[in-house]
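A closer look at the structure
Take a look at the letters that make up each chain.
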Amino acid sequence: MSTLAAAAPAARPARSRSLKALGAVNFFLADVRDGLGPFLGIFLIGRGWDTATIGLVMTIGGIAGMLATTPLGALADATRAKRFMVAFCAALVIAASLAILFVPSFAFVTASQIATGIAGAAIGPAIAGLTLGLVGQKGLAPQLGRNEAWNHGGNVVAAAGAGFFGYEFGLPAVFMLMTLMAVGSIIAVLTIKADDIDHDAARGLERQEGQDREAPSGFGVLWRSTPLLILAGTLMLFHFGNGAMLPLLGQQVAAQQVAEETGAGSADAAATGGAAVPSANQPAGNGTATATAIAPGQATAGRPAAEPVQQQTSLKSLLSDPVSYTAATVIIAQLTMIPVALLAAGFAGRRGYFLLLVAALVALPVRGLIAGLWPNPYALIPVQMLDGVGAGLLGVAVPGLVARILRGTGHVNAGLGAVMTVQGVGASLSPAIAGLIVERFGFSTAYLALAGFAVCGLVLWLVSAPKVAAACKGE
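Calculation notes
Residues numbered from 1 in each chain as written. Predicted model: local features only at pLDDT ≥ 70, side-chain atom pairs only at ≥ 80, totals over all residues. Heavy atoms only, no water. Helix = DSSP H or I, 4+ residues; strand = E, 2+ residues; numbered from the N terminus. Buried < 20%, exposed > 50% of the residue type's maximum accessible area, 1.4 Å probe, protein only. Contact = heavy atoms within 4.5 Å. Areas by Shrake-Rupley, 256 points an atom, 1.4 Å probe, with all protein chains shown as cover. Core = buried A, V, L, I, M, F, W, Y, C linked by side-chain atoms within 4.5 Å. Phe/Tyr/Trp six-rings, centres within 6.5 Å; stacked < 30°, edge-to-face > 60°. Salt bridge = Lys/Arg side-chain N within 4 Å of Asp/Glu carboxyl O. 1 Å grid on protein atoms, 1.4 Å probe; cavity = no way out; pocket = protein on both sides within 12 Å on 5 of 7 lines; lining within 4 Å. Points joined across faces, edges and corners; volume = space filled by probe spheres on them. Axes fitted to C-alpha atoms, helices over the stretch in contact; angles between N-to-C directions. Parallel < 35°, antiparallel > 145°, perpendicular 65-115°, else oblique. Left-handed = near helix turned anticlockwise from the far one by under 90°. Nonpolar A, V, L, I, M, F, W, Y, C, P; charged D, E, K, R; others polar. Expected span 1.5 Å × (residues − 1). Polar contact = N/O pair within 3.5 Å; in protein donor to acceptor, adjacent residues only side chain to side chain. Patch = residues over 30% accessible without salt bridge, like charges linked within 9 Å, V, L, I, M, F, W, Y side chains within 5 Å. pLDDT = per-residue confidence, 0-100.

1. A word on the overall build of the protein
Across its full length, the protein holds 18 helices and 2 strands. Looking at the protein as a whole, 53% of its 475 residues are labelled buried. Counting contacts in the protein only where the partners sit at least 6 residues apart, residues at least 24 apart contribute 82% of the total. Working note: accessible area of the protein is about 20,400 Å², and carbon and sulfur atoms make up 66% of it.

Below, the structure is given as structure tokens:
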């Protein structure tokens, strides 16, 4: 008795240290688990790729991750080496991303996206298993909120660093920053004490006092669970609409920059009878106002034959740079996600998960409408704030709801992997479909089409309310 009493106080601070390390893991993995993410499209457009080809390689990587997610979720359930899973996958993402920097060929980029997709597929269930193994079912919702807050904080720091260093030194600096974040994630995950992880709790098994733990259910429980299937279908439609939206924002700015650099001179030359003139959308190279010629016959009493070119403001200059623009989209979204995730964790404990899913599903169509109907760089503020709302809510709701649905089965992480597999169908197809729409109809039409897919997900979730209500209710 006295031995147990003495051991208990020592165990609590040890687990507390592991939970702090888990927060650090989520912070550093923010810039690692998705690889280059939206910066990949910018990098490839700068090397002459078109949006359809970029969408294709992203889709191939997404499909690879999709196919691997359920088996890797089952591995996260079965293995006691969850920490190694996270560390190995972080190293794999970095190796794959650096390969793109040095050999940006179609074959290497495709192989890199496949490796990144598989690594990202393993990290999600492994982190969920570590979290559940450290805090159990009762502490899961608040810890998921803290995990998401740390993750989004890491994304803000990484995006700010990528925007600054990318603007000053070019895209290779983004690769270097990602490498440093990956090293930090590996150190942090190895700091979690292995003895603090309850591997039975990590897979959703429960043990009554004085009894042996339950045996895992068969894998058939995954496709026999109606709430799990509805959740997976809803998220598939959500990610069909969401998957391509952020990459398209960056690609649109990059494409506009390329068009201005390659087409402005010839367009102006045609307008002025063959003499190329500076574009009014570009700052003067010597820092002073310059004159832009007016085409013959266009000068009037109120409009002289030469006009001063308006200098770009610092903000406009940053927004016209695709790296800085993409970094700004990430920062705005992630800053929104931090308070949203913390609030969602408290709400889930009191009211359950149904309304959290509704709010996330509503945010995406509104986001697509704004992006499609307001073709202005400043639209990124409301567009990415809404992205922060949706992602912040889903980051807490999805793993928490899957753990609730599959409680006691021993297949929580396999179930989360299965849900991620199905939603990956939408996420992996989204860039390819959106790329084709852009090629034929333009960016605005692509944003509106993506919003339409999200509306379908919202409708499915609402009409299925009676079937998911019991699983979604609060404690």
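2. Examining the side chain of T79
Along the chain, T79 turns up in the loop between α3 (51-78) and α4 (82-102). The class of T79 is buried, set by a relative accessible area of 17%. Filtering out sequence-adjacent residues up to four positions away, T79 remains in contact with M85 and H199.

3. Details of the nonpolar core
By size, the foremost hydrophobic cluster in this structure holds 62 residues, and its most contacted members are L248, L401 and W461. Top element by residues in this core is helix α15 (residues 380-405). It accounts for 10 residues. Contact partners of L248, with chain neighbours within four places excluded, come to A434, V438, F443, A446, Y447 and L450. V25, A122, I123 and M181 belong to the second-largest nonpolar core, a separate cluster that totals 31 residues.

4. A closer look at the packing of aromatic side chains
Inspection of every chain in the model, using the stated rule, returns 7 aromatic pairs. Here the aromatic rings of F43 and F175 are separated by 5.4 Å at their centres, their planes lie at 70°, and the arrangement is edge-to-face. Separated by 132 residues along the polypeptide, F43 in helix α2 (residues 38-45) and F175 in helix α7 (residues 172-191) bring together distant segments of the chain. Aromatic rings pair up to connect F27, F28 and W150 into one cluster.

5. Here's the deal with the pattern of salt bridges
Under the definition given, this model contains 1 salt bridge. The shortest N-O distance in the salt bridge between D387 and R367 comes to 3.4 Å. Of the two residues, D387 is situated in helix α15 and R367 in helix α14 (residues 354-373); the sequence distance between them amounts to 20 residues. Residue classification places R367 among the buried positions, given a relative accessible area of 1%.

6. Re empty space enclosed by the protein
Taken as a whole and judged by the stated rule, the model has 3 cavities of 30 Å³ or more. Taken as a whole, the second largest cavity holds about 70 Å³ of empty space. Considering the residues around the second largest cavity, the lining is formed by A128, T131, L132, L140, L144, P399, V402, A403, V412, N413 and L416. Within the residue set of the lining of the second largest cavity, elements represented by two or more residues are α5 (106-135), α6 (140-169), α15 and α16 (412-441).

7. Thoughts on the environment of A255
Relative to the assigned elements, A255 resides in helix α11 (residues 245-271). With a relative accessible area of 29%, A255 lands in the partly exposed category. Taking the C-alpha atoms as reference points, A255 and D50, 205 residues apart in sequence, are found 9.0 Å from one another.

8. Structural notes on the packing of helix α10 (residues 226-242) against helix α17 (residues 443-463)
Their axes nearest at 6 Å, the elements α10 and α17 cross at an angle of 165°. Taken together, the axis directions place α10 and α17 in an arrangement best described as roughly antiparallel. In the packing of α10 onto α17, the handedness of the crossing is left-handed. Side by side, α10 and α17 meet where I230, L231, G233, T234, L237, F240 and G241 of the first sit next to L450, F453, A454, C456, G457, L460 and W461 of the second. Considering only residue class, the contact of α10 with α17 consists of 10 nonpolar, 4 polar and no charged.

9. What to know about α3
Over its 28 residues, α3 runs 40 Å from end to end, which matches the ideal 40 Å to within 8%, given 1.5 Å per residue. One side-chain oxygen at the N-terminal end of α3 lies 3.1 Å from the backbone nitrogen of A52; it belongs to D50.

10. Some remarks on a nonpolar patch on the surface
Together, W374, Y378, I381 and M385 make up an exposed nonpolar region whose accessible area comes to about 370 Å². Relative to the helices and strands, M385 resides in helix α15. Owing to a relative accessible area of 41%, M385 belongs among the partly exposed residues under this scheme.

11. Looking at the environment of T421
Inspection of the secondary structure assignment puts T421 in helix α16. Along the primary structure T421 and L67 are separated by 354 residues, whereas in three dimensions their C-alpha atoms are 6.4 Å apart. The residues touching T421, leaving out its near neighbours within four places in the chain, are M66, T69 and T70. Here the side chain of T421 touches M66 through a polar contact of 3.0 Å, landing on its backbone oxygen.

12. Side note on the confidence of the model for the protein
Within the protein, residue pLDDT values average 77, and 77% of them lie at 70 or more. The lowest-confidence element of the protein is strand β1 (residues 291-293), averaging 40 in pLDDT; the highest-confidence one is α10, averaging 92. In the predicted structure, residues 1-14 sits below a pLDDT of 50 and forms 2 contacts with residues beyond four places in sequence or in another chain.

13. Side note on α14
When the terminal C-alpha atoms of α14 are compared, their 30 Å separation across 20 residues agrees well with the 28 Å that a helix rising 1.5 Å per residue should span. Taken together, the buried positions of α14 are occupied by L356, L357, V358, A360, L361, A363, L364, P365, R367, G368, A371 and G372.

14. Structural notes on the environment of A95
Structurally, A95 can be placed in helix α4. Note on A95: relative accessible area 48%, which makes it partly exposed. Separated by 20 residues in sequence, A95 and A115 have C-alpha atoms that sit 9.1 Å apart.

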